[in-house]
Amino acid sequence: VLSHNLCTVLNVPHDPVALEEHFRDDDEGPVSNQGYMPYLNKFILEKVQGNFDKVEFNRMCWTLCAKKNLSKSPLLISDEDAFKVWVIFNFLSEDKYPLIIVPEEIEYLLKKLTEAMGAGWQQEQFDHYKIALNTSREGLSAWELIDLIGSGQFSKGMDRQTVSMAINEVFNELILDVLKQGYMLKKGHKRKNWTERWFVLKPNIISYYVSEDLKDKKGDIILDGNCYVEALPDKDGKKCLFLIKCLDKSFEISASDKKKKQEWIQAIQTTVNLLKAGSPPPHKEARQKRKELRQKLLAEQEELERQMKELQTANENKQKELETVRKQLEAAAARAAEEEKKRLQTQVELQDRFSLELEREKMVRQKMEEQVAQKSSELEQYLQRVRELEEMYKQLQEALEDEKQARQDEETVRKLQARLLEEESAKRAELEKWHLQQQQTIQMTEAEKQELENQRMIKEQALQVAMQQLEQLELERKEALEQYEEVKKKLETAANNTKSWKDKVAHHEGLIRLIEPGSKNPHLITNWGPAAFTEAELEQRQKSWKGKKATSE
């Protein structure tokens, strides 16, 4: 019976012989061995040509499954509306069994219904519902979707008739491919009279009926890429006119108002453009795009899960490696503890052995101490004398270091004194030069007196600065002399210390011979003590100073 009804609805010839051959009786039963799906695919679905009423086919399938699966609780929608929701579910559901509709498609359908009812979309309410749904399952079955819409959860405040009209409108758009429908006036081709008709726009045809119940069909307008639509001016007392031009016929139509006219022109022109481009209807194209987007997101999610799984595997491997290393460390620690135990045992044995040897050595040592005690007094006297000599030697070394440091300080002071003398001689030569220039300036003519007076003032200021610098150098020279006196006193003190230690060393049987630094060149003696220069260096500096003085004169 099922196969015969399917063949009737799908316009496929029924073959009872093939049916009997496919489902021949055997020990396991008529259906269990072969199964019904192979027969359905081979003898029925493969022969379908597409020239059947899809609504009737859906209604037959609905009849087979609705009684068993439809909820027994009362719903706010009729059985006919539940059937239309079931058909819409089959259109929007995923292409895998068991069939479910994902939350994205549920949102799309509920938005369509809300828009058709003229109500506002409650996004926050749906977000809460979506969160609760995602925690328990991936989507809804057809019967759960019917329960959701029939419960009125997203259509609160709407009556049954409004909900039914919204479901019918969405059903016409998504399933029957109705892009637009409504009453308009059409001009006849023969009698040229105007008659009201119910127009239904589909992707490739415009059908017009006597009324909206679609029972009495009056004709079709076949659309293709060569058709076009244009507005017409008002005439013959008719307003809001537009023309649909096809290859064989033209149709003049009058809309109820300008808004309806513009909507129909735009809808028909969009349909023609889609036919030219070979594109599917907008709702089917949008469904395909949503499906591709979900597949892309699913692929990205799977790739992310794969990467997370790889990371988890790598982490587990690392954990295993760490566990292996930990076990190795524990084994090594156990071995180390065993070795430490053996070492301690060996150490105890060695200590016992050494204690015996120490007892024997103690006896020997007592005998040796008695022998050593006799010589200890002699060694004590000798060591006392050596310590005194070492102490004297250390003090002598310190005195020599002080003398060396004093001579280095003396050399530094001498160099500083020489630099100050050079600077003093240079400043004196410069002062004499400025003094001569000042005397020459006074002897100039009266015409240049004013200008020279200005220069003289500048030079006097420079002379004052130079005098201040000279005074500063004089102070520095005095400070250097004071430092020199201090260094000289330190040197004399160091020399006296050296001499006293030399006498002490000579007194102790001459064990240490002092090495005294000597001067290679004879030094000059000034009023302040030993000079900083030799006689030859002083003559050289006097010649240099006289030469500078002669040059400045």
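In this text, all values refer to a predicted model and were calculated from it rather than measured experimentally.

Peer 1: Let's hear about the packing of helix α1 (residues 2-9) against helix α4 (residues 54-69): which residues, and what values?
Peer 2: In the contact formed by α1 and α4, the axes pass within 9 Å of each other and the chain directions differ by 160°. It follows that α1 is roughly antiparallel to α4 by the angle criterion. In the packing of α1 onto α4, the handedness of the crossing is right-handed. Packed against α1, whose contacting residues are L2, N5, L6 and V9, the element α4 presents E56, F57, M60 and L64 at the interface. Across the contact of α1 with α4, the residue classes tally to six nonpolar, one polar and one charged.

Peer 1: Go over the packing of aromatic side chains, please, and point to the residues and values.
Peer 2: Following the criterion strictly, the structure yields 10 aromatic pairs and no others. An aromatic cluster of three or more residues is present, and its members are W62, F83, W86 and W143. Over the face of the ring belonging to F83 we find R59, whose NZ or CZ atom lies 4.3 Å from the ring centre. The lysine or arginine in question, R290, covers the ring of Y108, its NZ or CZ lying 3.7 Å from the ring centre.

Peer 1: Tell me about the pattern of salt bridges, residues and numbers included.
Peer 2: Inspection of every chain in the model, using the stated rule, returns 23 salt bridges. The partner of E252 in a salt bridge is K187, with the nearest N and O atoms 3.8 Å apart. You can see E252 sitting in strand β7 (residues 250-254) and its partner K187 sitting in strand β1 (residues 180-187), a full 65 residues away along the chain. We note that E252, like K187, is buried. Residues joined in a network through salt bridges with shared partners are E94, E105, R290 and R294.

Peer 1: Tell me about the nonpolar core, residues and numbers included.
Peer 2: Soluble globular proteins tend to bury their nonpolar side chains together. Among the nonpolar cores identified, the biggest contains 38 residues, and W62, W86, I106, L109, I146 and I149 are the most heavily contacted of them. Of all the elements in the fold, those that place two or more residues in this core are α4, α5 (79-92), α6 (103-117), α7 (123-134), α8 (142-150) and α9 (160-174). In terms of residues, this core owes the most to one element, α5, which gives nine residues. The contacts of L109, once residues within four sequence positions are left out, are I88, L92, L145, I149 and V170. Ranked by size, the runner-up nonpolar core spans 21 residues in total, among them F199, I206, I253 and I268.

Peer 1: Please give an account of the domain arrangement of the protein chain that cites residues and values.
Peer 2: The domains assigned to the protein chain are domain 1 (1-175), domain 2 (178-280) and domain 3 (379-425). The distance between the C-alpha centroids of domain 1 and domain 3 comes to 116 Å.

Peer 1: Hey, could you go over α4 for me, with residue numbers and the actual values?
Peer 2: Along its 16 residues, α4 runs 22 Å from first to last C-alpha, staying within 8% of the 22 Å computed at 1.5 Å per residue. Along α4, the sharpest change in direction is near 35° and occurs at T63. Burial in α4 covers these residues: N58, M60, W62, C65 and A66. The elements touched by buried residues of α4 are α1, α5 and α8. Its side-chain oxygen 3.0 Å from the backbone nitrogen of V55, D53 forms the N-cap of α4.

Peer 1: Residues and numbers for the UniProt feature "domain: PH" (unreviewed entry) in the protein chain, please.
Peer 2: The UniProt feature table records "domain: PH" (unreviewed entry) at residues 177-273. As annotated, residues 177-273 has a helix share of 16% and a strand share of 44%, and its two end C-alpha atoms lie 16 Å apart.

Peer 1: Can you break down the pairing of β7 residue by residue, with the values?
Peer 2: The buried count for β7 comes to four of five residues, which makes it a mostly enclosed element. With two bridges joining them, β1 and β7 adopt antiparallel strand pairing. Looking across to β7, one finds that K186 is bridged to I253. Of the pairings in the sheet, the one linking strand β6 (residues 241-245) to β7 comprises five bridges and is antiparallel in character. Looking across to β7, one finds that L243 is bridged to E252. The turn joining β6 and β7, which pair antiparallel and follow one another in sequence, is formed by four residues.

Peer 1: Could you give an account of unusual backbone geometry, with specific residues and numbers?
Peer 2: With a phi close to 60°, N11 is a non-glycine residue in the positive phi region. Relative to the elements of secondary structure, N11 occurs in the loop between α1 and α2 (16-22). With a phi close to 55°, C240 is a non-glycine residue in the positive phi region. Residue placement: C240 occurs in the loop between β5 (228-232) and β6. Residue C240 is classed as buried on the basis of its relative accessible area of 10%.

Parameters at a glance
Residues numbered from 1 in each chain as written. Predicted model: local features only at pLDDT ≥ 70, side-chain atom pairs only at ≥ 80, totals over all residues. Heavy atoms only, no water. Axes fitted to C-alpha atoms, helices over the stretch in contact; angles between N-to-C directions. Helix = DSSP H or I, 4+ residues; strand = E, 2+ residues; numbered from the N terminus. Parallel < 35°, antiparallel > 145°, perpendicular 65-115°, else oblique. Left-handed = near helix turned anticlockwise from the far one by under 90°. Contact = heavy atoms within 4.5 Å. Nonpolar A, V, L, I, M, F, W, Y, C, P; charged D, E, K, R; others polar. Phe/Tyr/Trp six-rings, centres within 6.5 Å; stacked < 30°, edge-to-face > 60°. Lys NZ or Arg CZ within 6 Å of the ring centre and 35° of its normal. Salt bridge = Lys/Arg side-chain N within 4 Å of Asp/Glu carboxyl O. Buried < 20%, exposed > 50% of the residue type's maximum accessible area, 1.4 Å probe, protein only. Core = buried A, V, L, I, M, F, W, Y, C linked by side-chain atoms within 4.5 Å. Domains from an automatic or database assignment. Expected span 1.5 Å × (residues − 1). Bend = angle between axes of the 7 residues up to and from the residue. Polar contact = N/O pair within 3.5 Å; in protein donor to acceptor, adjacent residues only side chain to side chain. UniProt positions renumbered as here; feature names shortened; annotations may be inferred. Pairing = 2+ DSSP bridges.

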